[in-house]
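The residues making up each chain are set out below.
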Amino acid sequence: MPKQTKESKTAEMASDKEQSPPILENLEENLKQIQSKLGNSPDLIIRNYESLDHVNHAAAVYINGLIDMERVEDYITHALSLDSLQEKAESVATVLERFSFAKGKALSIGKEKIVEDQNSLLEGLLSGDTMILFQGLTKAISVSTSGGEGRAVTEATTQVNIRGPKDSFTESLGTNLSLVRKRIKNPNLWIETLTIGAVTKTDVSIVHIHGLANEAMLQEFRKKLSEIHVDSILESGYIEQLIEENKYSPFPTIFNTERPDSVAGNLLEGRIALFVDGTPFVLIAPATFFMFFHTVEDYYQRYDVSSLIRILRFMCLLISLFGPAIFVAALNFHQEMIPTPLLINLASQREGVPFPVVIEVLLLEVTFEIIREAGIRMPSPIGQTVSIIGGLVLGQAAVQAGIVSPAMVIVVSLTGISSFATPAFNMALSVRLLRFVITFVSAYMGLYGIAITGLILIAHLCSLRSLGVPYMSPVAPFAAGDQKDIFLRTPLHFMKIRRRLVNLKSSVPGTSAQLRKDNPHEN
Amino acid sequence: MRTKLIGLLTLYLGVSVLLTGCWNSRELNDLAIVSGIGMDKLDDEDGYRVTFQIINPTSSAPSTGASSSQPPVMVISSTDRTIFGALRKASRRMTRQLFFAHTQLMIVGEPLARSGINNLFDIFERSHELRLNTTVLIAKNSDAASVLKLLTALETQPSTGLVKKTQNTSRVWGENRRIGVFEVINGITGEGDFTINGIQIIGSAEEGKKKSSLEQTEAPAGSIMSGLGVFKNGKLISWLNGPESRGTQWLLDKLEETSVNIDSLDRNKDISVNVFYSKTSVKVDLQEGKPVFHIHIREEGSINEAGSFVDLSKEEELEKLKKELAEQTASEVKMALKAAQEKRSDIFNFGNELKRTHPELWKTVKKDWNSVFAEGELDLQVDAYIRGTGMRLKPYFPVEKRE
């Protein structure tokens, strides 16, 4: 765990503490109360240790599965077991002496603290601490022994790349934070931890680089988080939806990633990251529209290749958004637009197709969505079967049966594949949704409808904001200096000035953030 | 904010419904794509017989669609005083609505052409479907309908085939040029007269309608581009053929590429020159009331074939050939001008040229330009260059064998 973690409990928790009953002197009574509060759950382990005089009992309490067994064993043997006590029999005669001995021993483990009320005792237990209680004392030693079973750091599964680091976040907050800290070895990487969720008490960490992140933005972010009042936070998606500015927009205004290098890169651009315990997906705000079409690998590959690939991605966005719509519009409204040989070809394919073009599109699109949805939820071996059935059987057979025309299959598959070219899955989902809307409008109004919908979409996109940053920046509002890294990825040595809209403070990379700290009101 | 957005959205959608232009949705299966229109004169009454060549999609595309034994096009005719009336009347015989945005060809039968075509083209400018770049052809010695009924080998679509034929021969042979509706309208409205390409049926027109005619290596019927029809006051008066026709393209600066045979030392016309560049500049002025046409042609070519020995490595030999080429060109140009002057028909845009450069002089001759034109004199200068001799210099047959 990084040592810099700032413990700042919410106000809600402080009020709990006041009502909390103190720890009793009677050890047995204490243990009983703990047991009853946890509903006699069998994973609560209590280990009693007798003292030399058979009076001053002590007990170690922990929850099985949340703790690192090795550390607990090690600690208990040293601090409490009879053997180790016998060696120093004279010095641990009284319970207080024994308490401070045990506390001293805890140093070898790591973090330790003293708790005096039952609520914080329970809270500690539930976050993986081991509690040492003594007969006759109203305080307990809480030793940080959290551990237990967790997934190892593995390769990213949703944001795969060819070149670049292969590690990805896990479900453990501590591991995730350390992965980022390993990348940014700078004391200005500041981490704040809060607890959100009345029932789940999920740890979340706000991470930013002090001096790079905009202070006002950070304040706003903290405020939004503190306004969350829900029972549970099971994934960062909960928080994303709760703090989004435009909750009814189809577009995501908060970015998420499971790649530590992506988080590091965004932090260095002055953005704020939010780590949520229990999920590998880290939120990043403020997010702009174009972020969703960039990948970290753009910066790892050469600039020319990356630029080309970026252009390709934006092309794919247009195809996946407008592809079927333009096809429907051209075939139903603007037949004169199609070159004659192609029109004859299309017309001959459509001979005998019993449906209007728009029904044909919807038929195939819906089929495609079904195959995709089924394929995602299936275990991977069956998933392949689904795609084979979907692709071969449905596609081929539908054409041969004359239900759909072959050109339509091409259009829909191209659209489908294009939608996978968007690196951010949540953006691809939004586009997928809007595609249907645009197809409907184009079936009703042709290219004119596409233009109108396009205008509305652009107007909507320009109205969005993420933590106060215009969503379409730096294109709208236009910032000439920031164009180097939007549609193209210019060579790294061109990018000498930081993004303006996200970062208002220190604009020249290489100048230490620390220098600017002295004068935070600059700019 | 949100109410504003919703308000705007409603406004946009409301406006969009009110402002829609050509937005009627038509399925492809409900359209009969017309590839060619034929116009013919009715024998005994006023009005036209309009023939539509309609693409039959089922048998037109090579794709996996249901292939049928039907021909790639079907042809129907209907008669009316107006073209639009005729096409609407055609609905009585058609299962689908005629669709004209892909009409590439308009053929006018010779009888109709002879009685005048000036008022045929209004619908092309007025309709949003018909295109102004539709190729116009005159069916020489026949009616337009029989040309539209012919099937073509290689090209599935006969109309596409005819358009391609026009383009192809314009590009490499140069007796014709692509003439579209727009150019015809310009010819009708401009000073002087104009020409339109002719197409002639060869073989049996009756056989050419049948699909079986395509199942032979030598089709029993076909069509051939044949010369230029000269239109005076919107009426076809004569045909220009062969060298006259090519000379016309030269004078109009429409020649792209052609092949000219020139004389060698001992035999006539046995050296073939591929003229791949030709530029004509025209100046017209009046001298003592007579027009003088200053024509300067600059052409470049390469020797592509030599039928008898000629030593192309020698400068003087090439010089001779250059002179020959220039003479040959000049003779064709003169033939074209002579033919036009005989008919008193200015098909070379000389009138327009004079009007443009000397408007005050034009006014003096405007009234009887046709007769003035017929007396015009030619001041022709041809600069011919031979830029290449192909992949060898001397022909393989030796000098001795010349005797």
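What counts as what
Positions within a chain are numbered from 1, following the residues in the order the chain's sequence is written. As they are written, the chains are lettered A onward and the ligands numbered 1 onward, keeping that order. Predicted model: local features are reported for residues with pLDDT of at least 70 only, side-chain atom pairs are reported and counted for 80 or more only, and whole-chain, interface and lining totals are derived from all residues. The side-chain numbers reported here are obtained from all heavy atoms of the structure, hydrogens and water having been left aside. Runs of H or I in DSSP of at least four residues are treated as helices and runs of E of at least two as strands, each being numbered from the N terminus. Burial classes follow relative accessibility: with a 1.4 Å probe on protein chains only, a residue under 20% of its type's maximum area counts as buried, one over 50% as exposed, and anything between as partly exposed. What makes two residues a contact is simply this: any of their non-hydrogen atoms within 4.5 Å. All accessible areas in this document rest on Shrake-Rupley with a 1.4 Å probe, and a residue is counted as covered only by the protein chains that are shown. Each patch groups residues whose relative accessible area exceeds 30% and which form no salt bridge, using 9 Å between like charges and 5 Å between nonpolar side chains of Val, Leu, Ile, Met, Phe, Trp and Tyr. Every case where a carboxyl oxygen of Asp or Glu lies within 4 Å of a side-chain nitrogen of Lys or Arg is listed as a salt bridge. Counting rule for charge: Lys and Arg are taken as positive, Asp and Glu as negative, and neither His nor the chain ends is counted. All charge positions are set by atom: Lys at NZ, Arg at CZ, Asp at CG, Glu at CD. Buried area, as used here, totals the accessible surface that two parts lose on assembly, with accessibility defined by a 1.4 Å probe and the loss added over both. Pairs of N or O atoms within 3.5 Å make up the polar contacts considered here, provided that, within protein, one atom can donate a hydrogen while the other can accept it, and that residues adjacent in sequence are counted only when both atoms are side-chain atoms. UniProt positions are given in the numbering used here, feature names are shortened, and annotations may be inferred rather than shown by experiment.

Asker: Explain the overall build of chain B to me, please; I cannot follow it from the model alone.
Answerer: Each helix and strand counted, chain B has 13 helices and 13 strands in total. For chain B, the spread of C-alpha atoms along the principal axes amounts to about 90 × 65 × 60 Å. In chain B, buried positions account for 50% of the 403 residues. Looking at chain B alone, contacts between residues at least 24 apart form 70% of all its contacts between residues at least 6 apart. In the form shown here, chain B has an accessible surface area of approximately 20,000 Å², with 51% of it arising from carbon and sulfur atoms.

Asker: Teacher, can you tell me more about a negative patch on the surface here?
Answerer: Among the surface-exposed residues, B:Asp43, B:Asp44, B:Glu45 and B:Asp46 lie close enough to one another that they form a single negatively charged patch. Relative to the elements of secondary structure, B:Asp46 occurs in the loop between strand E1 (31-41) and strand E2 (48-55).

Asker: What is the right way to read unusual backbone geometry from this model?
Answerer: A negative phi angle characterises most non-glycine residues, just as the trans form characterises most peptide bonds. All names here are of chain A. Cis geometry marks the peptide bond from Ala 285 to Pro 286; its omega dihedral reads -10°. Relative to the helices and strands, Pro 286 is located in the loop between strand E11 (282-285) and helix H11 (297-300). Across the junction of Ala 476 and Pro 477, the peptide omega takes the value 0°, indicating a cis bond. Within the chain, Lys 201 stands out as a residue other than glycine whose phi angle is a positive 45°.

Asker: Looking at this structure, I do not really get the interface of chain A and chain B. What am I missing?
Answerer: Often, the extent of an interface is quoted as the loss of accessible area on bringing the components together. If you look at the interface, chain A gives 29 residues, while chain B gives 33 residues. Among the residues chain A hides against chain B, the three largest losses belong to A:Gln335, A:Ile344 and A:Glu351. Together they make up 20% of the total. Across the chain A-chain B interface, the total number found is two salt bridges. Where B:Glu27 meets A:Arg350, a salt bridge forms, and the shortest distance between an N and an O atom there is 3.4 Å. Across the chain A-chain B interface, the total number found is 14 residue pairs in polar contact (both at pLDDT 80 or more).

Asker: Teacher, can you tell me more about the UniProt feature "transmembrane region" (unreviewed entry) in chain A here?
Answerer: All names here are of chain A. The residues that UniProt annotates with the feature "transmembrane region" (unreviewed entry) are residues 272-293, 314-333, 383-403, 409-429 and 436-461. Annotated as 0% helix and 41% strand, the span residues 272-293 places its first and last C-alpha atoms 19 Å apart. Regarding residues 383-403, the helix share stands at 86% and the strand share at 0%, and the terminal C-alpha atoms are separated by 25 Å.

Asker: It is not clear to me how the pattern of salt bridges should be interpreted in this structure. Could you clarify?
Answerer: Should their charged atoms come close, side chains of opposite charge can pair. Summed over the entire model, instances satisfying the criterion amount to 43 salt bridges over all chains. In this structure, the salt-bridge partner of B:Glu332 is B:Arg246, at a minimum N-O distance of 2.8 Å. With B:Glu332 in helix H10 (residues 315-342) and B:Arg246 in helix H9 (residues 242-251), this residue pair connects regions lying 86 residues apart in the sequence. Look at B:Glu332 and you get buried, because its relative accessible area is 4%. Across the pair B:Glu300 and B:Arg387 runs a salt bridge, and its minimum N-O distance is 3.2 Å. Of this pair, B:Glu300 sits in strand E12 (residues 290-306) while B:Arg387 sits in strand E13 (residues 377-388), placing them 87 residues apart in sequence. When its relative accessible area of 13% is taken as the criterion, B:Glu300 is described as buried. The network of salt bridges with common partners includes A:Glu365, A:Glu369, A:Arg372, A:Glu373, A:Arg377, A:Arg432 and A:Arg435.

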